[in-house]
Structures are given as C-alpha cells and as structure tokens.
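Chains, contacts and geometry: an overview
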Amino acid sequence: MLTDKFGRQITDLRVSVTDRCNFRCIYCRASEPENYQPPEHLLSWPELERLCGILGRLGLRKIRVTGGEPLVRPGVEEFIARLAALGLYDDIAITTNGYTLAEKAPTLKAAGLNRVNVSLDSLRPERFDRITRTRGALKRVLAGIEAAQAGGLDPVKVNAVIVRGFNDDEISDFARFARHRGLVMRFIEFMPLDADHIWDRTRVVPAAEMRRGLEAAGLPLEELPRHYASETALRYRFADGGPGEIGLVAPVSEPFCGKCSRIRLTADGKIRTCLFSQFDHDLRGLLRAGAPESEVTAEVERIVEMKEDGHHINDPDFVPPNRTMVFIGG
Ligand code: SAM
Ligand code: SF4
C-alpha cells in the first residue's frame, strides 16, 4: 500500500490519456490557441498500460480515465479493456464531456468500464454553447447521459462546475433534472485552473450557498454518509425521499486535502501529487529509457513522499499551477 508522509493512503489514480478536447469550456481551456503537445510527447497506449499495471501493483485500487476529452483519443475502449484485464483495479471510471458517449457507452461498458461522470454545465442550449464554445452539442450530451444509464453504467454522475454569473441560476433546474432522471448531480466549485484566468473568488459559489439556494427553491436535502473517507463530494438525498442524489464538491470553501487519496498521471507521463502542485514528476523518461519495474516503483514511492499537505488556494500568497485542468486531467 502506498502511503504518503502524512499517513494518507494513495489508492486513487486519475489518468489523463490526452490533452486534446473537442470543447473549449470557459472555465478550463483557452479560447485559443490549440496549444496541444506534439503526439510523441504523449504516452502510447502500451506505455500507459504498463504504468497503470505498475501503479496497480503498488496498491492503487481505483482508476479514472480522463483528459482533455478521453473519448477523442482513438483506442480508448481497448485501453479500458486492457485495464480491466489487468485485474488490479476494483473500480474503472471515466470522466467525459459526453459528446460521443451515446455511440460509445455500450462498447465502454462491454470493455469493463464501471462508471461514468459526464460534465454538463447548462441545460439551456444557447448557454451550453457559450460555456463550452461549441454549437448545438447539448442534445448529444443529454443523449450520452441517457445511453450511459440505459447501458448499465451505474451510477451515472453529472458534474456541473458552477461559475457565478454564468450558470449559478440553474442549480435548482439541475437538481430537478437529477430527480427526473434518477441521477447523481454534482455541483463543483470553480477552481483556479482555467487557462483564460477568469477565476477569482467572487466567481466561486460556495457549497453552503448552493445548498441554501436549493432549500429556498423548495428542494430541501438530507445529508448522506460518505461512501469512503476520501470521497470528494458531500452527499445529499432529497428530504422527501425522491429519486436522484445531490453532491457538493467544495475544494475551495471546504477543502478535503487531509483525506486526499489521489495522484494523477498526465498524458505526457508526469505524476502530479496535487491538482495545484507547482511541479510535475516525470516517468516518461524512465519508461522510454527501458527502466525495469523496480526502478519505476522506487521513483513513484519517492514522488508520493513529496505529496503536498494541501492546495493552499485560500492562502494570501497562493500561486495557481502552471498547467490548467485540461493539461492535468480532472
Ligand atoms: N473532458 C472531460 C470532461 O469535461 O468531463 C474530462 C476532463 S475535464 C478537465 C474533468 C473535469 O474537470 C470536468 O468535470 C470539468 O468540469 C472539471 N473542470 C475543468 N476546469 C475546472 C475548473 N477550473 N474548476 C473546477 N472544475 C473544473
Ligand atoms: Fe474539454 Fe473537459 Fe476542459 Fe471542457 S472541461 S474544455 S470538455 S477538458
């Protein structure tokens, strides 16, 4: 079992399989330029599989495939199947913008995917276009959510990043959507990880305010126990026992760093020990130099020792990381 110097067990791996994306969400990517890494910088599928095997043998148990947009990289379904075949991970999940999920959900499920999180930041078509800088994509994302539910990916979680002045007036619409569809709807506080640097504290809607807004809209909630200690979301059900669940993810107003069990692997083969780390730790060089598993394992253990105590977003001297969410893997 991998444990850091603060005694936190590291059990969750987020793997970014690409820095590319077919959306340009205003809270994530820059409006321009593309800024993608050259393809040879990205880990190949066999390199990713080897690293995931090594990390699984080190004790990581949950894996989330992300990006950029993971479903734009050809071969992602086969990669999921190879992850499942490793037999090391109890839980294989993906985070996607849902644009191609309707076509891919059945193959992903058959490959061994357990769960999916779909990002959805507005239920209003024009606003959805404005936030994602796309045209007419909302209906595809909604179809993707439906296909994932119909295909037995369970639970389907829908994630909305709430940005004040952009979509904070839709929180109760989202909650009703979750009730109607029997979904887990998670509201995420906006974090300083956007390429266009629009983040400031006034744009963050704290989780407590979201909860008050839901109660004021006639949707009182009851807290549910966490599934496990390092779960990022505060979980609620509707007080009247209706279907659906609400999650509030509050990294800014109620940081959960003390229970963090995550490390991240970027698409170009770096380990990040925190979303807000100031440094990456390269594994690609070791892999490409033909390092044996024992050497890679020792390097991962050394890196985990350096995991930060927390993100320090709320410190006066906080400095955002040099990589934005699309290049880290959310
Ligand atoms: N493209 C996929 C998607 O959008 O679901 C996966 C990658 S995306 C970087 C992963 C998650 O990070 C998404 O749920 C997205 O909403 C979230 N995210 C991106 N930028 C964020 C920010 N500045 N603050 C909070 N969450 C953010
Ligand atoms: Fe792409 Fe996801 Fe970032 Fe939106 S949040 S730009 S879909 S990576």
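The subject of this paragraph is the overall build of the protein chain. A tally of regular secondary structure across the protein chain gives 10 helices and 14 strands. Whereas a compact globule of 330 residues would reach a radius of gyration of roughly 20 Å, the protein chain reaches 19 Å, a difference of no more than 12%. With respect to the principal axes defined by its C-alpha atoms, the protein chain has extents near 60 × 45 × 40 Å. For the protein chain, buried positions account for 56% of its 330 residues. For the protein chain, the exposed area adds up to about 13600 Å²; of that, 53% sits on carbon and sulfur atoms. Considering the protein chain, the positive charge centre built from 46 side chains and the negative charge centre built from 47 side chains are found 2 Å apart.

A few words on the site of ligand 2. Neighbouring ligand 2 are the residues Cys21, Phe23, Arg24, Cys25, Tyr27, Cys28, Arg29, Gly68, Asn97 and Val326. Counted by class, the shell around ligand 2 contains six nonpolar, two polar and two charged residues.

Another aspect to go through is the environment of Arg115. With respect to the helices and strands, the residue Arg115 is situated in strand β6 (residues 115-119). As for Arg115 and Val296, which are separated by 181 residues in sequence, their C-alpha atoms are 29 Å apart. Setting aside residues up to four positions removed in sequence, Arg115 forms contacts with Lys62, Arg64, Asp91, Ile92, Ala93, Ile94, Leu153, Asp154, Pro155 and Lys157. In this structure the side chain of Arg115 is engaged in a polar contact, spanning 2.8 Å, whose partner is the side chain of Asp91.

Here the largest pocket is characterised by a volume of approximately 170 Å³. Lining the largest pocket are Cys274, Phe276, Ser277, Gln278, Glu308, Gly310, His311, His312, Asp315, Asp317, Phe318 and Val319. A class-by-class count of the residues in the lining of the largest pocket yields four nonpolar, five polar and three charged.

Both trends apply: most residues other than glycine have a negative phi, and most peptide bonds are in trans. The step from Asp154 to Pro155 runs through a cis peptide bond, and the omega angle for that step is 0 degrees. Structurally, the position occupied by Pro155 is in the loop between α5 (138-150) and β7 (156-162). In this structure, Arg133 takes a positive phi of about 55 degrees despite not being glycine. Mapped onto the secondary structure, Arg133 falls in the loop between α4 (125-132) and α5. Unusually for a residue other than glycine, His197 sits at a positive phi of about 55 degrees. Relative to the assigned elements, His197 resides in the loop between β8 (184-189) and α7 (207-216). The exposure class of His197 is exposed, given its relative accessible area of 63%.

About the criteria used
- Residues numbered from 1 in each chain as written.
- Chains lettered and ligands numbered in written order.
- Predicted model: local features only at pLDDT ≥ 70, side-chain atom pairs only at ≥ 80, totals over all residues.
- Heavy atoms only, no water.
- Helix = DSSP H or I, 4+ residues; strand = E, 2+ residues; numbered from the N terminus.
- Rg over C-alpha atoms; globule rule 2.2 N^0.38 Å.
- Buried < 20%, exposed > 50% of the residue type's maximum accessible area, 1.4 Å probe, protein only.
- Areas by Shrake-Rupley, 256 points an atom, 1.4 Å probe, with all protein chains shown as cover.
- Lys, Arg positive; Asp, Glu negative; His and termini not counted.
- Charge placed at Lys NZ, Arg CZ, Asp CG, Glu CD.
- Near = heavy atom within 4 Å.
- Nonpolar A, V, L, I, M, F, W, Y, C, P; charged D, E, K, R; others polar.
- Contact = heavy atoms within 4.5 Å.
- Polar contact = N/O pair within 3.5 Å; in protein donor to acceptor, adjacent residues only side chain to side chain.
- 1 Å grid on protein atoms, 1.4 Å probe; cavity = no way out; pocket = protein on both sides within 12 Å on 5 of 7 lines; lining within 4 Å.
- Points joined across faces, edges and corners; volume = space filled by probe spheres on them.

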